[in-house]
Amino acid sequence: MTTAERPAAPTRHLIDDVTVAVLAAGTPAPYTTRELPGGLVALDVSAPEGTPLEIRLASPLRDAVGFWHPACGWERSLLPDWAGRMRTSLVNGAAVGCLYQTSGATLLAFAAEDPLAETEVVFGVSEQSRTFVVHLHPVARAAPYTLVLAPRSASVAAALRRLRAHLRGHAPITPLPTPETAWAPVYSTWYAFGQNVTAAEVEEEAELAAGLGCGVLILDDGWQEYGTKRGYAWAGDWTVDTAKFPDLAGHVARVRATGMSYLAWIAPLLLGPESRAYPRLAHLAPVASPTGPGAYVLDPRVPEVREHVVATCVRLIRDYGLDGLKIDFLDDAGVYSGAGAAMADLLGALRAALPAGSMIELRQPYLGHGMAAYGNLLRATDCPADATANRVRTIDAGLLALGGAVHSDMLMWDPEATPAWAARQLLSVLQAVPQISNRLTEMRADHREWLAFWLRQWERLRPVLLDGDVEPGRPDELYPVISARTGDREVIVLHADRVAAVDLSHREIDLVNVTAADRIVIEVSQGAADVQETVYDARGRLVGTRSRSLRPGVTVLTVPPSGLVSLRIADPRRAGSGAPSS
């Protein structure tokens, strides 16, 4: 069924060229609009609680080429309105979207304030009206349902910065505080060990990881009893496999003595029929997990379940001296209708029970703006050895993050790869906190070399790439050139052989070559400067230095694949500043 086949409703201009119609229980309904700071417009809809709402937005197509939303995955083009569908809740994405055109500028950008309203979103090109439409179907709650729209912006990233600023100021609960260590590189055991993990091996890896600058270790699946079986039929007891970890608390203390914080993995909503807890809790888990093979999902709408989950998580942190948890499979709660509010209650109770400074890792798809209150490590969902997916998913996560640190999926690479190939895994996520998951004790010397070099460079570039204004480009192009600027520094990361626009008003310019080419092409639009150019290869070996004059126009810089070129504007007062350590 297309949107044009739905009953007609009166429309009105809302913002720019966007029109709106509102229905409650299928009939036209009143609404109000408000002008907000930054050119934003709020649409407020009130109806008796439990009333089905429908908010219809429509934009002319103009030069539209793509529609971004938090769960778009690889579908970033213009779907027809009979195909565009998503269901959002607290633990599954968010009712947020951006329609944009060839230049990258937006035609429509919106976000629902209420993260708890479970919403069906219908979107796409209406063949009949030749417009792009978005129909949101929430159910009225006690408070008005508020949709916030951003005016036309230069890019999706710019529009979402405006929307994030508003959502941050109107979040029902303040974001979970983020300790400084959450911004440090992570060593994860998952791809390195799988479930075949032991205390001694982890401690050996931790020593090396700490020496590379990692500040967090995550012990993934395999620490618990029966954690040698794939699937989750065993899940539910969350007791330690003492053959692998004879003294888990002592082991955690030894790793923490290296200076690293320690998190452990858990999937507290899963309940498997092979667990000892199953006979006691089976009546609370009537629906099979859609993503955890062999397990059922505990129903968070039941108070007993919420108490059980909170008690289990707090017990692990308390008994073993953990700094936090990696909490998995929360999106499975969506098998129960209306679970969003229950999950807010569950996670709110967990937040209240956590020790101050705790770290909680969440992953896509449950990274909507409502989850900022409950997690401070926001990870891209699993994409082993897929550098492109990791790049796209970390940027997508960052576009909507109200707080916390965006983390990559764990990095793994072919141990026989060249350093340039292997380094591409890390270079693809420079705009996020990297999680490393290759065996360091078995790593070739040249791999340790590139890894050490690029982790140092990531630390140096972090204030720009993570805290600056990031412009990743068009979502449908998979963010081929990522630029970030702050103060007098600029970083440009090229994932495709494109021309990079360089702004000579910055004194420090770093360009990273993540392509297979041995060059970077830059363009100066205005101004001129004498620069000192320093080039490094993927392993951090100095390729060469030279002085050159940059003038308006195109310049080709010779840079090895997975290499770095640093440009420093000539200024005697700043001589020698900003050079990367090798």
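The structure under discussion appears in the preceding block.
Described below are features of the structure shown in this document. Keep in mind the model is a prediction, meaning the values are calculated, not measured.

Rules of the game
Residues numbered from 1 in each chain as written. Predicted model: local features only at pLDDT ≥ 70, side-chain atom pairs only at ≥ 80, totals over all residues. Heavy atoms only, no water. Helix = DSSP H or I, 4+ residues; strand = E, 2+ residues; numbered from the N terminus. Rg over C-alpha atoms; globule rule 2.2 N^0.38 Å. Buried < 20%, exposed > 50% of the residue type's maximum accessible area, 1.4 Å probe, protein only. Contact = heavy atoms within 4.5 Å. Areas by Shrake-Rupley, 256 points an atom, 1.4 Å probe, with all protein chains shown as cover. Lys, Arg positive; Asp, Glu negative; His and termini not counted. Charge placed at Lys NZ, Arg CZ, Asp CG, Glu CD. Axes fitted to C-alpha atoms, helices over the stretch in contact; angles between N-to-C directions. Left-handed = near helix turned anticlockwise from the far one by under 90°. Pairing = 2+ DSSP bridges. Salt bridge = Lys/Arg side-chain N within 4 Å of Asp/Glu carboxyl O. 1 Å grid on protein atoms, 1.4 Å probe; cavity = no way out; pocket = protein on both sides within 12 Å on 5 of 7 lines; lining within 4 Å. Points joined across faces, edges and corners; volume = space filled by probe spheres on them. Nonpolar A, V, L, I, M, F, W, Y, C, P; charged D, E, K, R; others polar. Parallel < 35°, antiparallel > 145°, perpendicular 65-115°, else oblique. Disulfide = S-S within 2.5 Å.

A closer look at the overall build of the chain
Summing up its helical and strand segments, the chain has ten helices and 34 strands in all. In terms of C-alpha radius of gyration, the chain reaches 25 Å, essentially the compact-globule figure of 25 Å for 582 residues. C-alpha atoms of the chain, sized along the principal axes, occupy 70 × 65 × 35 Å. Residue burial in the chain is summarised as follows: out of 582 residues, 60% are buried. Taking the intrachain contacts of the chain between residues at least 6 apart in sequence as the baseline, contacts between residues at least 24 apart amount to 70%. When the accessible surface of the chain is summed, it comes to about 21,700 Å², and 52% of that surface belongs to carbon and sulfur atoms. Of the charged side chains in the chain, 53 are positive and 65 negative; the average position of the first set lies 3 Å away from that of the second.

Focus on the packing of helix α9 (residues 419–427) against helix α10 (residues 445–465)
Interhelical geometry of α9 versus α10 gives an angle of 35° and a closest axis separation of 10 Å. α10 is crossed by α9, and the crossing has right-handed handedness. Counting all contacts with α9, which are made through Pro-419, Ala-422, Ala-423, Leu-426 and Leu-427, the residues of α10 involved are Asp-446, His-447, Trp-450, Leu-451, Trp-454 and Leu-455.

Quick look at the sheet that holds strand β30 (residues 519–524)
Pairing within the open sheet is mixed, and its three strands lie in the order β28-β30-β33. Each of the sheet's edge strands pairs with one partner strand only, and the pair in question is β28 (499–502) and β33 (553–558). On average, each strand axis in the sheet is tilted by 35° relative to the strand beside it, whichever way the strands run.

Examining the sheet that holds strand β17 (residues 270–271)
In spatial order, the strands read β17-β19-β18; together these three strands make up an open sheet with antiparallel pairing. For this open sheet the edge positions go to β17 and β18 (287–288), each flanked by a neighbour on one side alone. Of the pairings in the sheet, the one linking β17 to strand β19 (residues 296–297) comprises two bridges and is antiparallel in character. What sits directly across from Leu-270, in β19, is Val-297.

Focus on the pairing of strand β31 (residues 529–536)
The element β31 is extensively covered by neighbouring structure, given that six of its eight residues are classed as buried. Looking at chain direction, β31 and strand β32 (residues 542–550) are connected through eight bridges and run antiparallel. Bridge pairing in β32 places Val-531 opposite Arg-548. Between β31 and the antiparallel strand that follows it, β32, lie five residues; Gly-540 among them carries a positive phi value of about 85°. Where β31 lies against strand β34 (residues 564–569), six bridges are found, and the strand directions are antiparallel. Looking across to β34, one finds that Gln-532 is bridged to Arg-568.

Topic: the pattern of salt bridges
Enumeration over the complete set of coordinates arrives at 39 salt bridges. Between Arg-379 and Asp-382 there is a salt bridge, with the nearest N and O atoms lying 3.4 Å from each other. For Arg-379, a relative accessible area of 1% gives the class buried. Each member of the salt-bridge network shares a partner with another, and the members are Glu-201, Glu-205, Arg-439 and Glu-442.

Some points on empty space enclosed by the protein
In total, this model carries four cavities of 30 Å³ or more according to the counting rule given. For the largest cavity, the calculated volume is near 70 Å³. Lining of the largest cavity is provided by 15 residues; of these, Ala-94, Ala-95, Asp-114, Pro-115 and His-369 occupy positions nearest its centre. Among the residues making up the lining of the largest cavity, the classes are represented as seven nonpolar, seven polar and one charged. Approximately 50 Å³ is the volume attributed to the second largest cavity. In terms of lining residues, the second largest cavity is bounded by Gln-224, Glu-225, Tyr-226, Trp-234, Ala-235, Gly-236, Asp-237, Trp-238 and Thr-239.

A few points about helix α4 (residues 248–256)
Considered for burial, the residues of α4 that qualify are Leu-248, Gly-250, His-251, Val-252 and Val-255. Looking at the packing, one finds that the buried side of α4 touches α3 (199–211), β15 (216–219), β16 (261–266) and α6 (303–320).

Notes on the packing of helix α1 (residues 156–169) against helix α8 (residues 387–400)
A pair of packed helices is captured by two measures, namely the crossing angle of their axes and the spacing between those axes. Interaxial distance between α1 and α8 falls to 8 Å at its minimum, and their mutual angle equals 40°. Here α1 is positioned oblique relative to α8, judged by the angle of their axes. Residues Val-156, Ala-157, Leu-160 and Arg-164 of α1 touch α8, and the partners they reach there are Gly-398, Leu-399 and Leu-400. Of the residues contributing to the contact of α1 with α8, the split by class is five nonpolar, one polar and one charged.

Here we look at the layout of surface pockets
Where empty space is left becomes clear once a probe the size of a water molecule has been rolled over the atoms. Space inside the largest pocket adds up to approximately 570 Å³. Forming the walls of the largest pocket are 25 residues, and the residues nearest its centre are Arg-164, Gly-398, Leu-399, Leu-466 and Val-470. Looking at the lining of the largest pocket, the elements that each hand over two or more residues are α1, α8, β23 (405–411) and β25 (469–471). Sorting elements by how many residues they give to the lining of the largest pocket places α1 first, with five residues. Residues belonging to the lining of the largest pocket are distributed by class as follows: 14 nonpolar, six polar and five charged. Thr-88, Ala-117, Glu-118, Thr-119 and Gly-338 are the residues nearest the centre of the second largest pocket, which is lined by 24 residues in total. Broken down by secondary-structure element, the contributors of at least two residues to the lining of the second largest pocket are β8 (84–88), β11 (119–126) and α7 (339–353). Counting residues per element, the lining of the second largest pocket draws most heavily on α7, at three residues.

Notes on the state of the cysteines
Applying the stated criterion across every chain yields a total of zero disulfides. The structure places no disulfide on Cys-98, whose sulfur is separated from the nearest cysteine sulfur, that of Cys-72, by 10 Å.

With respect to unusual backbone geometry
Excluding glycine, residues mostly carry a negative phi; peptide bonds, for their part, are mostly trans. In the segment running from Gln-364 into Pro-365, the intervening peptide bond is cis, with an omega of 10°. Structurally, Pro-365 can be placed in the loop between β21 (359–363) and β22 (377–379). Positive phi, normally seen in glycine, also occurs at Tyr-479, with a value near 55°. Inspection of the secondary structure assignment puts Tyr-479 in the loop between β25 and β26 (481–486). We classify Tyr-479 as buried; its relative accessible area is 0%. Although it is not a glycine, Ser-562 sits at a positive phi angle of roughly 60°.

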